[in-house]
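Structural characterization, general
The primary structure of each chain is shown beneath.
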Amino acid sequence: MPLLEVKDLSVRFTRREGAPVDAVQRVSFSLEPGRTLGIVGESGSGKSQTVMALLGLLAGNGNVSGEALYRGENLLAMNEAALNKIRGDRIGMIFQDPMTSLNPFLTIERQMTETLQLHRKMSRRDARRRAIETLETVRIPDSARRIGMYPHEFSGGMRQRVMIAMALLSEPEILIADEPTTALDVTVQAQIIELLRELNRERGTAIILITHDMGVVAGLCDDVMVMYAGQTVEQASAASLFAAPTHPYTRGLLNALPRLTDSSDDDRPLQTIPGNPPLPGEVGAGCAFAPRCAYCSDQCRQSRPALVAADGDPQALRACHRPVGEILEAQHV
Ligand SMILES: Nc1ncnc2c1ncn2[C@@H]1O[C@H](COP(=O)(O)OP(=O)(O)O)[C@@H](O)[C@H]1O
Ligand SMILES: [Mg+2]
């Protein structure tokens, strides 16, 4: 049984003025124990709201529908107490900005041990020992001393490690990381991804990684779901998606990625996708990506493509009217 099975998850926000925002539209995915899933897409594509909805953390004007089975139990139908127990205990969450989950006025020790004393009924001493061990797991040097420091005394990268340590205290089965490296410089980014990879390999923690950066996905994920304007446009194993992206949007995201093989004197500009994602309410009846798509046809402007198996690979899904062959062929020019 998958650890997490999400079926037709939709999120709609009502607004005081204007039409409601369909931030997430019928998204489905499953996460097996020990697997890593990347959710990728430009800003505003619905990545964060997808996981916020799972954990019951939507803003007050948000409404969720669909199903999200955690070990067979629907998270979306749980009461607050039951959900609270799973959140932060079986499912850990880390955000782009560690300061959203760290209290600036309390030492790291206090923040970590309080959680353990409260949820795990540990003694102060055991809790401290466990907290230090966890800081060591995330490679914070000199943990026994640093545990007495305040969040602002840590660098951005170290703070992100502290937040990961906090999420690991309860040894969650699933770790959800929402843009965990976006605010960090490239070297530190790579270290955090490496740390997540170790946690996945050594402890078997399943990971959902949200990012706008395909490079980050490549470093960690077994499976990938690409979102655009609230919808899944391509969903496949990382191996197959990176080898042969079958959706023009995925292809655009990959083209915007610097290649390791690019020599430093190669100053070809990276190809970014021209234009911007649509604003809520701007999406017409056709494919949401059509206005930016180099392969766009009349059919694409008129009707929205369904997410279906790409021919040849029943595991790989795509939402595109254009034939796979046409997209793949263009990649080799
Ligand atoms: N409380 C809200 N009310 C109305 N719209 C919202 C609200 N929260 C998020 N949205 C909209 O939902 C869409 C998806 O947002 P989000 O999931 O945060 O995107 P991202 O992929 O960058 O994480 C965006 O268009 C955003 O403006
Ligand atoms: Mg987000």
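For the chain, an unreviewed UniProt entry supplies the name Oligopeptide transport system ATP-binding protein and the organism Paraburkholderia caledonica. The chain has a UniProt comment under Subcellular location (unreviewed entry) that states "Cell inner membrane". Comment text from UniProt for the chain, heading Sequence similarities (unreviewed entry), reads "Belongs to the ABC transporter superfamily."

Topic: the side chain of threonine 181
Along the chain, the position of threonine 181 falls in the loop between β7 (174–178) and α7 (186–203). Ignoring anything within four residues of it in the chain, the contact list for threonine 181 reads Gln189, Ile192, Ile193 and Val216.

Brief notes about the nonpolar core
Ranked by size, the top nonpolar core spans 61 residues in total, and within it Leu135, Ile164, Leu196, Leu209, Met214, Val226 and Tyr249 carry the most contacts. Sequence-distant contacts of methionine 214, that is, excluding residues within four places in its chain, are made with Val40, Val226, Leu241, Phe242, Thr250, Leu253, Leu254 and Leu257. The next biggest cluster of nonpolar side chains, apart from the first, holds 35 residues, and it includes Leu3, Val27, Leu31 and Ile176.

Brief notes about unusual backbone geometry
Notably, arginine 71 is not glycine yet its phi reads approximately 45°, a positive angle. By the element assignment, arginine 71 lies in the loop between β4 (62–70) and β5 (73–74). Given a relative accessible area of 47%, arginine 71 falls into the partly exposed group. The backbone of alanine 229 shows a phi angle near 50°, a positive value even though the residue is not glycine.

Structural notes on the sheet that holds β5
Read across the sheet, four strands follow the order β2-β1-β4-β5 without closing on themselves; strand pairing throughout is antiparallel. Each of the sheet's edge strands pairs with one partner strand only, and the pair in question is β2 (21–31) and β5. Lying over the sheet, helix α1 (residues 47–54) contacts β1 (4–13), β2 and β4, oriented at roughly 110° with respect to β1.

Let's talk about the pairing of strand β9 (residues 223–228)
Of all six residues in β9, five are buried, a share of seventy percent or more. Of the pairings in the sheet, the one linking strand β3 (residues 36–40) to β9 comprises four bridges and is parallel in character. When the sheet's bridge partners are listed, valine 40 is paired in β9 with valine 226. Alignment of β9 against strand β10 (residues 231–237), held across six bridges, turns out to be antiparallel. What sits directly across from valine 224, in β10, is alanine 236. Between the antiparallel neighbours β9 and β10 lie two residues, among them alanine 229 with a positive phi of about 50°.

A look at the pattern of salt bridges
If you walk through the whole model with that rule in mind, you get 19 salt bridges. In this structure, arginine 292 and glutamate 42 form a salt bridge, with 3.0 Å as the shortest nitrogen-oxygen distance. With arginine 292 in the loop between α10 (248–255) and α11 (298–302) and glutamate 42 in the loop between β3 and α1, the pair connects residues that are 250 residues apart, well separated along the chain. With respect to burial, arginine 292 and glutamate 42 carry one shared label: buried. As a salt-bridge pair, arginine 90 and aspartate 89 come within 4.0 Å of each other at their nearest N and O atoms. One continuous salt-bridge network, built from bridges that share partners, spans Lys85, Asp89, Arg90 and Arg120.

Some details on α1
Among the eight residues of α1, six are classified as buried, and the element is accordingly described as predominantly covered. The set of residues buried in α1 consists of Lys47, Thr50, Val51, Met52, Ala53 and Leu54. Within two residues after α1, glycine 56 carries a phi angle of roughly 70°, on the positive side.

Some remarks on the packing of helix α4 (residues 124–137) against helix α6 (residues 156–168)
Remark: α4 packs on α6, axes separated minimally by 9 Å, with the N-to-C direction vectors making an angle of 130°. Considering their axes alone, α4 and α6 lie oblique with respect to each other. Along this stretch, α4 crosses α6, giving a crossing that reads as right-handed. Across the interface between the two elements, Arg130, Thr134 and Leu135 of α4 pack against Val162, Ala165 and Leu168 of α6. Of the residues contributing to the contact of α4 with α6, the split by class is four nonpolar, one polar and one charged.

Remarks on the site of ligand 1
The environment of ligand 1 is made up of 13 residues, and the closest members are Gly44, Lys47, Ser48, Gln49 and Asn61. Backbone polar atom of glycine 46 to an oxygen atom of ligand 1: 3.0 Å apart, as the coordinates give it. A distance of 2.8 Å separates an oxygen atom of ligand 1 from a polar atom in the side chain of lysine 47. Relative to its unbound accessible surface of 570 Å², ligand 1 loses 71% to contact with the protein. Here the shell around ligand 1 takes three residues from α1, the largest share from any one element. The residue makeup of the shell around ligand 1, split by class, is four nonpolar, seven polar and two charged.

Rules used in this analysis
- Every chain begins its residue count from 1, and numbering advances along the sequence as written.
- Lettering for chains starts from A, numbering for ligands starts from 1, and both go in the order in which the items are written.
- Residue-level local features of this predicted model are given only where pLDDT is at least 70; pairs of side-chain atoms are given and counted only at 80 or more, and the full residue set underlies all totals for whole chains, interfaces and linings.
- Excluded from the side-chain calculation are hydrogens and water; included are all heavy atoms of the structure.
- UniProt positions are given in the numbering used here, feature names are shortened, and annotations may be inferred rather than shown by experiment.
- Secondary structure elements are defined from DSSP: runs of H or I of at least 4 residues count as helices, runs of E of at least 2 residues count as strands, and each element is numbered from the N terminus.
- Contact criterion: two residues are considered in contact whenever any of their non-hydrogen atoms come within 4.5 Å of each other.
- Remark: nonpolar core denotes a set of buried residues (Ala, Val, Leu, Ile, Met, Phe, Trp, Tyr, Cys) joined through side-chain atoms within 4.5 Å.
- Think of it in three bands: with a 1.4 Å probe and only protein chains considered, a residue is buried below 20% of the maximum accessible area for its type, exposed above 50%, and partly exposed in between.
- Here, any two strands with at least 2 DSSP bridges between them count as paired.
- Axes here refer to lines fitted to C-alpha atoms; in helices the fit is confined to the stretch in contact. Angles between the N-to-C directions go from 0 to 180 degrees.
- Each reported salt bridge corresponds to a side-chain nitrogen of Lys or Arg within 4 Å of a carboxyl oxygen of Asp or Glu.
- Put simply, angles under 35 degrees are roughly parallel, angles over 145 are roughly antiparallel, angles from 65 to 115 are roughly perpendicular, and the rest are oblique.
- Each crossing is labelled by how the near helix is turned from the far one, with a counterclockwise turn of less than a right angle marking it left-handed and a clockwise turn marking it right-handed.
- Each residue is assigned to one class: nonpolar for Ala, Val, Leu, Ile, Met, Phe, Trp, Tyr, Cys and Pro, charged for Asp, Glu, Lys and Arg, and polar for all the others, Gly among them.
- Any residue with a heavy atom lying within 4 Å of a molecule or strand is counted as near it.
- We define a polar contact as two N or O atoms separated by no more than 3.5 Å, with the added condition that, inside protein, one atom must be a possible hydrogen donor and the other a possible acceptor, whereas residues neighbouring each other in sequence contribute only through side-chain atom pairs.
- Areas reported here follow the Shrake-Rupley algorithm with a probe of radius 1.4 Å; residue values treat only the protein chains shown as occluding.

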